[in-house]
Amino acid sequence: MQAKINAMEDKRLKEEQEKRLEILRQKVASQFSHVTVDKDRVTQNTKAFQNALDAKECGELFPVHGYSADTLMKDQRFKLAAALHAAGLHTSDYARSVINRAAPAAPARPSMASNFELGGDH
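Description of the structure in this document. For clarity, every value in this text was computed on a predicted model and none was experimentally measured.

Rules of the game
Residues numbered from 1 in each chain as written. Predicted model: local features only at pLDDT ≥ 70, side-chain atom pairs only at ≥ 80, totals over all residues. Heavy atoms only, no water. Helix = DSSP H or I, 4+ residues; strand = E, 2+ residues; numbered from the N terminus. Rg over C-alpha atoms; globule rule 2.2 N^0.38 Å. Buried < 20%, exposed > 50% of the residue type's maximum accessible area, 1.4 Å probe, protein only. Areas by Shrake-Rupley, 256 points an atom, 1.4 Å probe, with all protein chains shown as cover. Lys, Arg positive; Asp, Glu negative; His and termini not counted. Charge placed at Lys NZ, Arg CZ, Asp CG, Glu CD. Contact = heavy atoms within 4.5 Å. Salt bridge = Lys/Arg side-chain N within 4 Å of Asp/Glu carboxyl O. Patch = residues over 30% accessible without salt bridge, like charges linked within 9 Å, V, L, I, M, F, W, Y side chains within 5 Å.

## Describing the overall build of the protein chain
- A tally of regular secondary structure across the protein chain gives six helices and zero strands.
- Here the protein chain has a C-alpha radius of gyration of 35 Å; the compact-globule value for 122 residues is 14 Å, and the former is much larger.
- Across its three principal axes, the protein chain shows a C-alpha extent of roughly 105 × 50 × 15 Å.
- Counting across all 122 residues of the protein chain, residues that qualify as buried make up 4%.
- Carbon and sulfur atoms provide 59% of the accessible area of the protein chain, an area that totals close to 11,900 Å².
- One way to put it: in the protein chain the 18 positive side-chain charges average out to a point 6 Å from where the 16 negative ones average out.

And the structure:
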């Protein structure tokens, strides 16, 4: 008997909810009756996105005076130093020696050669 009463109550609540939703639909429909369906407008690029695409076609906004992240990450020593820094090990003597022993990304230019040594015994 209680189950039957609960089912009837649930049915009555759903009907009331549907009536309230229908009233809301009618209010909204009257406020937005001027809106038309325009599938092309909905699927086109937004102005901001189109401006971003146009900016890419024009090239870089400002010249880069230095190294990009891609250029830096090609250097194995830089990658190693970044990993050691992330692990908090970059300040140890061992970390410095490992970084110094790592092969450079490009061989040194001949003009960079020097006979001058820092430190050492005289």
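There's more to say after this.
## A look at the environment of Asp75
- With respect to the secondary-structure elements, Asp75 resides in the loop between α4 (69-73) and α5 (76-87).
- Residue Asp75 is classed as buried on the basis of its relative accessible area, which comes to 18%.
- Distance in space between the C-alpha atoms of Asp75 and Arg25 is 62 Å, their sequence separation being 50 residues.
- In this structure Asp75 touches Ala103, Pro104 and Ala105, once residues within four positions along its chain are discounted.

## A closer look at the pattern of salt bridges
- As enumerated under the stated definition, the model contains five salt bridges in all.
- Here Glu18 and Arg25 are joined by a salt bridge, their closest N and O atoms 3.3 Å apart.
- By relative accessible area, which is 42% here, Arg25 ends up partly exposed.
- In this structure, the salt-bridge partner of Arg25 is Glu22, at a minimum N-O distance of 3.2 Å. Of this pair, Arg25 and Glu22 are both found in helix α1 (residues 2-31), three residues apart, which corresponds to roughly one turn of the helix.

## Considerations on a nonpolar patch on the surface
- Together, Leu21, Leu24, Val28, Phe32 and Val35 line one region of the surface with nonpolar side chains, adding up to about 430 Å² of accessible area.
- The residue Leu24 is located in helix α1 in this model.

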